[in-house]
Amino acid sequence: MRTYRFIVGPADAGARLDRYLATRLPSTVSRSMIQRGIRDGGIALRDRLAKAHQKVQPGDVIEARLSSLPARAGDAPLTPQPIPLEIVYEDAHLLVVNKPAGLVTHPAPGHWDGTLVNAILWHLQQAEGSRVQGQGVTLHPPPSTLHLSLPRAGIVHRLDKDTSGLLVVAKTDVAHAALSKQLEARAVQRRYLALVEGWLPMDQGTVNVPIGRHLTHRKSMTVRHLGGRSAVTHFRVLNRVDGEGSRVKGQGVRQGTGDRGQEDMSHVSCLLSHFRYTVLEARLETGRTHQIRVHLLHLGHPVLGDTAYGRHPAAYWSALGITRQLLHAYAIRFVHPVTRRSVELRAPLPADIVRWIPHGGSCLHFPP
């Protein structure tokens, strides 16, 4: 059972109770769950049992006692799992991994296991086990729990499930605190490669607009000038591509046989004939949830394959062989928390992005 208490402000006068709560309870709580809680008598308005359609007024006190909320990610047992990891850098204090697309970073409702956290715990357990093998050492607690005392198992920032690229993981409290302070001070430089719809007219620029959770679609973020948090993204165009003339034609698209196969290829050719996109580099100054995707949408050029913030459904992208948003965290720079030396790392571009870049990306000029 969890209890939430709210006092309605002037800006929310006249709002329906269920809608008001949907904007303030955790994003994992759906509006239908709120309505069920109201029907079950778990929500009170002005010290009386509430109804979903009731309108709230300034000064109203709302108390919500909900027993069927999804468990917090921190409440779920974390277990090591043998999930392959690409380690880009590792020492006694931290490691940097190249996360593949499709791998969830942290456990959450619907993804309690099979995450990057589970993979990291397995990696650390194996590494510790190898170190003590043959020494007759018994570890208390066992290696599988050594890393659980750190917030989020040491992961100091995150990537969306379908965004690939570099992530830093602290192994010690000292490293975690130092890296977190660098992130807060905007001293960690993170660079992404993004492919976006259309030809971006500006060669470079900065998007400086605040981001907050969408008021009705609680799992999505949006530009919010009132109530949003500061968000800054710098971008630079690397290439503008005409889909019909690019090297992607006929690669990775939906194939078939006979008349159906010809129809499929004709459909794809039609899509490509009107398909222009831009290859750009995005550099984060802040690190809000979905920041790059929301800011590029704000510019009118959403990321290719982004079904949450783009203009097209999954079927459209599937026809072109695109199965996720084409966004990759390719470079990171930070100060080592112990040695105080600058650490600069890069991850190779994944194949599903490379094939959409003319000449496989060899003509792209990345800054040092």
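Rules and cut-offs
- Residues numbered from 1 in each chain as written.
- Predicted model: local features only at pLDDT ≥ 70, side-chain atom pairs only at ≥ 80, totals over all residues.
- Heavy atoms only, no water.
- Helix = DSSP H or I, 4+ residues; strand = E, 2+ residues; numbered from the N terminus.
- Buried < 20%, exposed > 50% of the residue type's maximum accessible area, 1.4 Å probe, protein only.
- Areas by Shrake-Rupley, 256 points an atom, 1.4 Å probe, with all protein chains shown as cover.
- Arc of directions from axis to C-beta.
- Core = buried A, V, L, I, M, F, W, Y, C linked by side-chain atoms within 4.5 Å.
- Contact = heavy atoms within 4.5 Å.
- Phe/Tyr/Trp six-rings, centres within 6.5 Å; stacked < 30°, edge-to-face > 60°.
- Lys NZ or Arg CZ within 6 Å of the ring centre and 35° of its normal.
- Pairing = 2+ DSSP bridges.
- Salt bridge = Lys/Arg side-chain N within 4 Å of Asp/Glu carboxyl O.
- pLDDT = per-residue confidence, 0-100.

Caption draft 1: Main features of the overall build of the protein. The secondary structure content of the protein amounts to nine helices and 15 strands. Every one of the 368 residues in the protein was classed for burial, and the buried ones make up 45%. Total accessible area computed for the protein in this model is approximately 18400 Å², and 51% of it derives from carbon and sulfur atoms.

Caption draft 2: Looking closely at helix 2 (residues 31-39). Those residues of helix 2 that fall on the buried side of the exposure criterion are Met-33, Ile-34, Gly-37 and Ile-38. Along helix 2, the residues classed as buried sweep out an arc of 145° about the axis, all on the same side.

Caption draft 3: Layout of the nonpolar core. Counting residues in each nonpolar core, the largest one holds 29 residues, and the members touching the most others are Leu-116, Tyr-192, Leu-280, Ile-292 and Leu-296. Going through the elements one at a time, strand 6 (94-99), helix 3 (116-132), strand 7 (164-170), strand 8 (189-197), strand 12 (232-242), strand 13 (276-284), helix 7 (291-298) and strand 14 (327-335) are the ones with two or more residues in this core. The biggest single contributor to this core is helix 3, with five residues. Contact partners of Tyr-192, with chain neighbours within four places excluded, come to Leu-159, Thr-163, Leu-280, Glu-281, Ala-282, Leu-284, Ile-292, Leu-327, His-328, Ala-329 and Tyr-330. Grouped together as the second largest cluster of nonpolar side chains are 20 residues, Leu-17, Leu-21, Ala-22 and Ile-62 included.

Caption draft 4: Main features of the packing of aromatic side chains. Enumeration according to the criterion identifies six aromatic pairs in this entry. Relative to Tyr-277, the ring of Phe-275 has its centre 5.4 Å away and its plane inclined at 40°; by these criteria the two rings are tilted. Each member of the pair, Phe-275 together with Tyr-277, is buried. Between the aromatic rings of Tyr-316 and Trp-317, the centroid separation amounts to 4.9 Å while the plane-to-plane angle is 90°, which identifies the pairing as edge-to-face. For the pair Tyr-316 and Trp-317, one class covers both residues: buried. Positioned over the ring face of Trp-199 is Arg-276, at 3.9 Å from the centre of the ring.

Caption draft 5: Structural view of the sheet that holds strand 3 (residues 48-49). The strand order 1-4-2-3 describes an open sheet built from four strands, whose pairing is antiparallel. Each having just a single partner strand, strand 1 (2-7) and strand 3 make up the two edges of the open sheet. With three bridges joining them, strand 2 (residues 43-45) and strand 4 (residues 61-66) adopt antiparallel strand pairing. Counterpart to Leu-45 in the pairing with strand 4 is Ile-62.

Caption draft 6: Summary view of the environment of Arg-236. Mapped onto the fold, Arg-236 is located in strand 12. Taking C-alpha positions, Arg-236 is 8.9 Å from Val-279, a pair spaced 43 residues apart along the chain.

Caption draft 7: A look at unusual backbone geometry. Positive phi values are uncommon outside glycine, yet Asp-47 reaches one of about 65°. Position of Asp-47 among the secondary structure elements: in the loop between strand 2 and strand 3. Asp-47 sits in the exposed class, given a relative accessible area of 77%. For Arg-186, which is not glycine, the phi torsion reads 60° and is therefore positive. Note on placement: Arg-186 falls in the loop between helix 5 (173-184) and strand 8. According to the relative accessible area criterion, Arg-186 is partly exposed, its value standing at 38%.

Caption draft 8: The arrangement of the environment of Pro-82 in detail. Of note, Pro-82 is situated in the loop between strand 4 and strand 5 (87-90). Separated by 37 residues in sequence, Pro-82 and Ala-119 have C-alpha atoms that sit 6.1 Å apart.

Caption draft 9: Just the pattern of salt bridges, in detail. In the structure shown here, the tally under the stated rule is 14 salt bridges. Salt bridges sharing partners connect three or more residues here, namely Arg-158, Asp-160, Arg-293 and Asp-306.

Caption draft 10: How the structure looks around the confidence of the model for the protein. The pLDDT averaged across the protein works out to 82; a share of 78% of its residues lies at or above 70. Confidence, expressed as mean pLDDT per element, reaches its minimum in the protein at helix 4 (residues 143-146) with 44 and its maximum at helix 7 with 98. Between residues 132-146, whose pLDDT stays under 50, and residues either more than four places distant or in other chains, the model counts nine contacts.

Caption draft 11: Region of interest: the pairing of strand 8. Burial analysis of strand 8 places nine of its nine residues in the buried class, which makes it a mostly covered element. In this structure, strand 8 lies alongside strand 14, joined through six bridges in antiparallel fashion. Across the sheet, the residue bridging to Gln-189 is Arg-333, located in strand 14. Two strands pair when backbone bridges link them, and strand 8 and strand 13 are joined in this way by eight bridges, in the antiparallel orientation. Each bridged residue has a counterpart across the sheet, and for Tyr-192 the counterpart in strand 13 is Ala-282.

Caption draft 12: Geometry of the pairing of strand 4. Only one face of strand 4 is covered, namely the face carrying Ile-62, Ala-64 and Leu-66; the face carrying Val-61, Glu-63 and Arg-65 is uncovered. As paired elements, strand 1 and strand 4 share six bridges and run antiparallel to each other. Each bridged residue has a counterpart across the sheet, and for Tyr-4 the counterpart in strand 4 is Ala-64.

Caption draft 13: Spotlight on helix 7. With respect to burial, helix 7 is a largely interior element, six of its eight residues being buried. What helix 7 keeps buried is the set Gln-291, Ile-292, Arg-293, Val-294, His-295 and Leu-296. Following helix 7 by one or two positions, Gly-300 has its phi on the positive side, about 90°.

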